[in-house]
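Structure at a glance
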Amino acid sequence: MIQNAFSMLMDIRRLVPNPSERPLSFALALTRAFIGCGLFLLSPDALALDPLRAADKEIPYLLGLGDPNEFLSFESRPTTRSVELGRFLFFDKRLSGDGTIACSSCHLPSRAFTDGKAVSIGINGQRGHRNAPTIVNRLYGRSFFWDGRAHTLPEQTLEPFISPVEHGLSQRDLLSVVSSIPGYRRLFRETFGTDVAAEGIAVALTHFQWTILSGNSPVDRFDYRGDATALPVAAQRGFLVFRGKGGCVRCHAGPNYTDEQYHNLGVGWESPHVDLGRYSVTRQPEDIGAFKTPTLREVARTAPYMHDGRFKTLREVVNFYNHGGVSNPHQDPIMQPLFLSDDEREDLEAFLNNLSGQGWQQAVAPRVFPK
Ligand code: HEC
Ligand code: HEC
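Residues numbered from 1 in each chain as written. Chains lettered and ligands numbered in written order. Predicted model: local features only at pLDDT ≥ 70, side-chain atom pairs only at ≥ 80, totals over all residues.

Looking only at helices and strands, the chain has 14 helices and two strands in total. Considering the chain as a whole, with its 371 residues, one finds that 42% of them fall into the buried category. When contacts within the chain are restricted to residue pairs at least 6 apart in sequence, long-range pairs at least 24 apart make up 70% of them. (Helix = DSSP H or I, 4+ residues; strand = E, 2+ residues; numbered from the N terminus. Buried ≥ 20, exposed ≤ 12 C-beta atoms within 10 Å, placed from the backbone. Contact = placed C-beta atoms within 7 Å.)

Here it is as structure tokens:
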């Protein structure tokens, strides 16, 4: 059952990017998953394993963000237990090939859940090829990873464990490491009423990540409450550039400062090896070199920037936009030189520096782990 469930999750993960493109294999895998899992897949939200009834975990409604309940209603409800189990799993280095890597190795609370490196380093010092994005406000996200290859957070969550350059485990190893720890066996029983299973790992980690939020920033207090004292005057001017001459809001829109779409800005196009981004998921020519618009919340804490971490400072990012990115045959036509003055660029930077908020500071490493 456990193995079947896991292979089903993996099947869905591989298929989700563009099921319509491969209708036959989609149907085959779906059938296989049905056979493997019986009733489990019949639920429309098959990945939403419900924890046992226990105290519900309140997800706060923070100034500037949408109502969390609207986003939670389609998924399973987090409970205090499922969130706590997820927190253990997130910080536990034992769940990796050489016992040195946890999710928190690349998503550090002190850096608003990024790692400060251009590209992440996984087990045995192996370099990945992309920058670790922040995981704040993933409750509000609609697709995951820079190329959007995962549609849901539970689906996203299992990938790092089996990535050979991240945690470097096989599916079987992951389950046997977690099951070998009696404390986890007990927590899975108490939380889900099941043995240690892939679905439970995915759901607990998802529930924990839903509690990692960022709202109520100085910009929110200025924007939603009209509190002019909340935001320095330079940042207020920068807000105008962001929405006006800079055109940033054309993509960094909405409560999370993202349109949840993919754009080719030209990042990396001056070098011979280009990351094709969204194209590798959809195989649509218009997606060549396109990446998901990232949230800008906590951006002052999440350097370096862009999918390959090439820019060390926000100044460099602003200069990149001012030049209209790097021209290439697939570049988004929105990208044009901006001709911002020095003052306007400084103001824009001041604005970006005021998107740091609250809602994630409580998500700290446990002092002791299940034994
Ligand atoms: C070795 C470093 C590393 C480890 C360990 C790691 N991640 Fe990541 N994480 C990354 C990188 C790099 C990306 C972006 C990869 C991509 O987009 O192709 C990422 C992306 C993500 C995203 C998507 C964010 C978004 O906005 O699209 C989430 C969520 C996430 N990781 C959670 C986790 C969880 C949960 C774990 C533990 C199971 C974990 N990560 C382990 C480096 C890491
Ligand atoms: C055409 C859509 C679009 C516009 C317009 C746009 N952005 Fe972006 N932004 C993106 C995308 C897509 C990325 C990621 C690109 C990549 O890594 O290849 C990004 C990345 C960023 C990052 C890096 C965030 C991180 O976590 O790495 C910052 C900061 C940023 N943009 C700020 C701005 C500012 C300021 C403006 C206005 C001057 C702006 N953006 C205009 C789409 C856009």
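Time to look at the site of ligand 2. Close contacts around ligand 2 come from 26 residues, with Cys 248, Cys 251, Val 267, Tyr 305 and His 307 the closest. Examining the composition of the shell around ligand 2, we find that four residues originate from one element, helix α13 (residues 314-322), more than from any other. In terms of residue class, the shell around ligand 2 is made up of 17 nonpolar, seven polar and two charged. (Near = placed C-beta within 6 Å. Nonpolar A, V, L, I, M, F, W, Y, C, P; charged D, E, K, R; others polar.)

We now examine the site of ligand 1. Within the structure, ligand 1 sits among 24 residues, and Cys 103, Cys 106, Phe 145, Trp 146 and Pro 160 are positioned closest to it. The greatest single-element share of the shell around ligand 1, amounting to four residues, is contributed by helix α6 (residues 153-162). A breakdown of the residues in the shell around ligand 1 according to their chemical character gives 12 nonpolar, nine polar and three charged.

Quick look at the packing of helix α4 (residues 80-91) against helix α9 (residues 198-210) now. Axis separation between α4 and α9 bottoms out at 7 Å; the angle between their running directions is 100 degrees. Taken together, α4 and α9 sit at an angle that is classed as roughly perpendicular. For the pair α4 and α9, the contacting residues are Ser 82, Val 83, Leu 85, Gly 86, Arg 87, Leu 89 and Phe 90 in the first and Ile 201, Val 203, Ala 204, Leu 205, His 207 and Phe 208 in the second. Broken down by class, the residue content of the contact of α4 with α9 amounts to nine nonpolar, three polar and one charged. (Axes fitted to C-alpha atoms, helices over the stretch in contact; angles between N-to-C directions. Parallel < 35°, antiparallel > 145°, perpendicular 65-115°, else oblique.)

Mapped onto the fold, Ser 105 is located in helix α5 (residues 103-106). Here Ser 105 falls in the partly exposed class, since 19 other C-beta atoms lie within 10 Å of it. Each C-alpha atom, one on Ser 105 and one on Phe 91, is 8.0 Å from the other, the two residues being 14 residues apart in sequence.

Among the nonpolar cores identified, the biggest contains 31 residues, and Leu 89 and Val 178 are the most heavily contacted of them. Within the residue set of this core, elements represented by two or more residues are α4, α6, α7 (171-179), α8 (182-192) and α9. In terms of residues, this core owes the most to one element, α9, which gives seven residues. Setting aside residues no more than four positions away along its own chain, Leu 89 makes contact with Leu 95, Ile 201, Ala 204 and Leu 205. Residues Val 219, Ala 235, Val 317 and Leu 355 belong to the second largest nonpolar core, which totals 19 residues. (Core = buried A, V, L, I, M, F, W, Y, C linked by C-beta atoms within 7 Å.)

Turning to the packing of helix α11 (residues 233-243) against helix α14 (residues 342-352), a few remarks are in order. Packing of α11 against α14 brings their axes to within 7 Å, and their N-to-C directions diverge by 100 degrees. Between α11 and α14, the interaxial angle falls into the category roughly perpendicular. From α11, Ala 234, Ala 235, Arg 237, Gly 238, Phe 239, Val 241 and Phe 242 reach across to α14, where they touch Glu 344, Glu 346, Asp 347, Leu 348, Glu 349, Ala 350 and Phe 351. Looking at side-chain class alone, the contact of α11 with α14 contains eight nonpolar, one polar and five charged residues.

Once that is clear, we can look at α11. Along α11, the positions that sit buried rather than exposed are Ala 235, Gly 238, Phe 239, Val 241 and Phe 242. The buried residues of α11 occupy one face: seen down the axis, they fall within an arc of 160 degrees. Of the surrounding elements, those touching the buried residues of α11 are α10 (218-225) and α14. (Arc of directions from axis to C-beta.)

So, about unusual backbone geometry. The peptide bond linking Ala 303 to Pro 304 adopts the cis configuration, its omega dihedral lying at -10 degrees. Here Pro 304 shows up in the loop between β2 (291-292) and α13. The phi torsion at Met 306 lies on the positive side, around 80 degrees, for a residue other than glycine. By secondary structure assignment, the location of Met 306 is in the loop between β2 and α13. You can call Met 306 partly exposed: it has 19 C-beta atoms within 10 Å. Although it is not a glycine, Phe 339 adopts a positive phi angle of roughly 50 degrees. For Phe 339, the location among the structural elements is in the loop between α13 and α14.

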